[in-house]
Amino acid sequence: MFDAEYDEGESTYFDDLKGEMQKQAQLNRAEFEDQDDEARVQYEGFRPGMYVRVEIENVPCEFVQNFDPHYPIILGGLGNSEGNVGYVQMRLKKHRWYKKILKSRDPIIFSVGWRRFQTIPLYYIEDHNGRQRLLKYTPQHMHCGAAFWGKI
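Residues numbered from 1 in each chain as written. Predicted model: local features only at pLDDT ≥ 70, side-chain atom pairs only at ≥ 80, totals over all residues. Heavy atoms only, no water.

Chemist: Describe the overall build of the protein chain, with residues and values.
Modeler: When you go through the protein chain residue by residue, the secondary structure sums to four helices and six strands. Along its sequence from the N terminus, the protein chain presents helices and strands in the succession α-α-α-α-β-β-β-β-β-β. Over its C-alpha atoms the protein chain spans a radius of gyration of 26 Å, topping by over 25% the 15 Å that the globule rule assigns to 152 residues. Projected onto the principal axes, the alpha-carbon positions of the protein chain cover approximately 65 × 65 × 30 Å. Taking all 152 residues of the protein chain together, 16% fall into the buried category. Pairs at least 24 apart in sequence give 51% of the contacts found in the protein chain among residues at least 6 apart. (Helix = DSSP H or I, 4+ residues; strand = E, 2+ residues; numbered from the N terminus. Rg over C-alpha atoms; globule rule 2.2 N^0.38 Å. Buried < 20%, exposed > 50% of the residue type's maximum accessible area, 1.4 Å probe, protein only. Contact = heavy atoms within 4.5 Å.)

Structure follows, in structure tokens:
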């Protein structure tokens, strides 16, 4: 009972934000209620649970001949912000089973999710005063930083 009384008195920023989102969702529902789905899709985009028809051109004939409806076809895409590139900083440690030395400015292939890209990292270590000192090689049993140009 104490918790219920104590928690009711204060609202956090998250609670306020959640309330604003609910109000906006109700306003959107009321505004687009009388419109057909095509008009709503133009303003809101595809809502979760809607069916989308995808037409693919120039499909090889082997795809159609070997098609099995019991195995799903997974389509993927990138959002607007996912194609951005820029400088990325990361913290890494070389695996103890990897025997080769990782050198700064040597090309390396990153596999992140379903993407693969090649880049040239610079390895560094951060001093106690916050400076980042360039390393020629990655340290053996320590973490270090890496900076590279790649997908953000």
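Let's pick the thread back up.
Chemist: An account of the pattern of salt bridges is needed here, citing residue identities and associated values.
Modeler: Within the structure shown, the criterion is met by three salt bridges. Two residues, D127 and R133, come together in a salt bridge whose shortest N-O distance is 2.4 Å. (Salt bridge = Lys/Arg side-chain N within 4 Å of Asp/Glu carboxyl O.)

Chemist: Explain the environment of D127 to me, and be specific about the residues and the numbers.
Modeler: Mapped onto the elements, D127 comes out in the loop between β4 (122-126) and β5 (132-135). There is a polar contact of 2.4 Å between the side chain of D127 and the side chain of R133. (Polar contact = N/O pair within 3.5 Å; in protein donor to acceptor, adjacent residues only side chain to side chain.)

Chemist: Mind laying out unusual backbone geometry, listing which residues take part and the relevant values?
Modeler: Its identity as a non-glycine residue notwithstanding, N58 has a phi of 55 degrees, on the positive side. Along the polypeptide, N58 turns up in the loop between α3 (37-44) and α4 (61-65). Relative accessible area serves as the criterion here: at 79%, N58 is assigned to the exposed category. Positive phi, normally seen in glycine, also occurs at R105, with a value near 65 degrees. What makes R105 exposed here is its relative accessible area of 53%.

Chemist: Please give an account of the nonpolar core that cites residues and values.
Modeler: Of all hydrophobic cores here, the largest spans six residues; its members are L92, L102, Y123, L135, C144 and A146. Not counting chain neighbours up to four residues away, the residues in contact with L92 comprise Y123, M142, H143, C144 and A146. (Core = buried A, V, L, I, M, F, W, Y, C linked by side-chain atoms within 4.5 Å.)

Chemist: Tell me about the packing of aromatic side chains, and name the residues and values.
Modeler: Applying the stated criterion across every chain yields a total of six aromatic pairs. With a centroid separation of 5.8 Å and an interplanar angle of 35 degrees, the aromatic rings of F110 and F117 are classed as tilted. Ring pairs connect the aromatic residues F110, F117 and F148, which therefore count as one cluster. (Phe/Tyr/Trp six-rings, centres within 6.5 Å; stacked < 30°, edge-to-face > 60°.)

Chemist: Account for the pairing of strand β3 (residues 115-119), naming residues and giving values.
Modeler: A regular strand places its side chains on the two faces of the sheet in alternate fashion. In β3, alternate side chains face the same way, and those of R115, F117 and T119 are buried while those of R116 and Q118 on the opposite face are not. Where strand β2 (residues 108-112) and β3 come together, five bridges link them in antiparallel fashion. Each residue of the ladder has a partner; that of S111, found in β3, is R116. Between β2 and β3, which pair antiparallel and follow one another directly, the connecting turn spans two residues, one of which, G113, has a positive phi of 65 degrees. (Pairing = 2+ DSSP bridges.)

Chemist: Lay out the confidence of the model for the protein chain with the relevant residues and their values.
Modeler: Any residue range with low pLDDT should be treated as having predicted coordinates unsuitable for detailed reading. Confidence in the prediction for the protein chain averages 86 pLDDT; 93% of positions are at 70 or higher. At the level of individual helices and strands, the protein chain shows its lowest average pLDDT in helix α1 (residues 2-9), which scores 61, and its highest in β4, which scores 95. (pLDDT = per-residue confidence, 0-100.)

Chemist: Residue-level account of the sheet that holds β5, with values.
Modeler: Taking strand neighbours across the sheet as the criterion, the four strands line up as β1-β6-β4-β5 in an open arrangement whose pairing is antiparallel. Strands with a single pairing partner mark the edges of an open sheet, and in this sheet they are β1 (85-92) and β5. Across the sheet, the mean angle from the axis of one strand to that of its neighbour is 35 degrees, orientation sign disregarded. (Axes fitted to C-alpha atoms, helices over the stretch in contact; angles between N-to-C directions.)

Chemist: Account for the side chain of R40, naming residues and giving values.
Modeler: Positionally, R40 belongs in helix α3. Relative accessible area serves as the criterion here: at 14%, R40 is assigned to the buried category. For R40, the residues in contact, after removing those within four places along its chain, are F32, Q35, G45 and R47.

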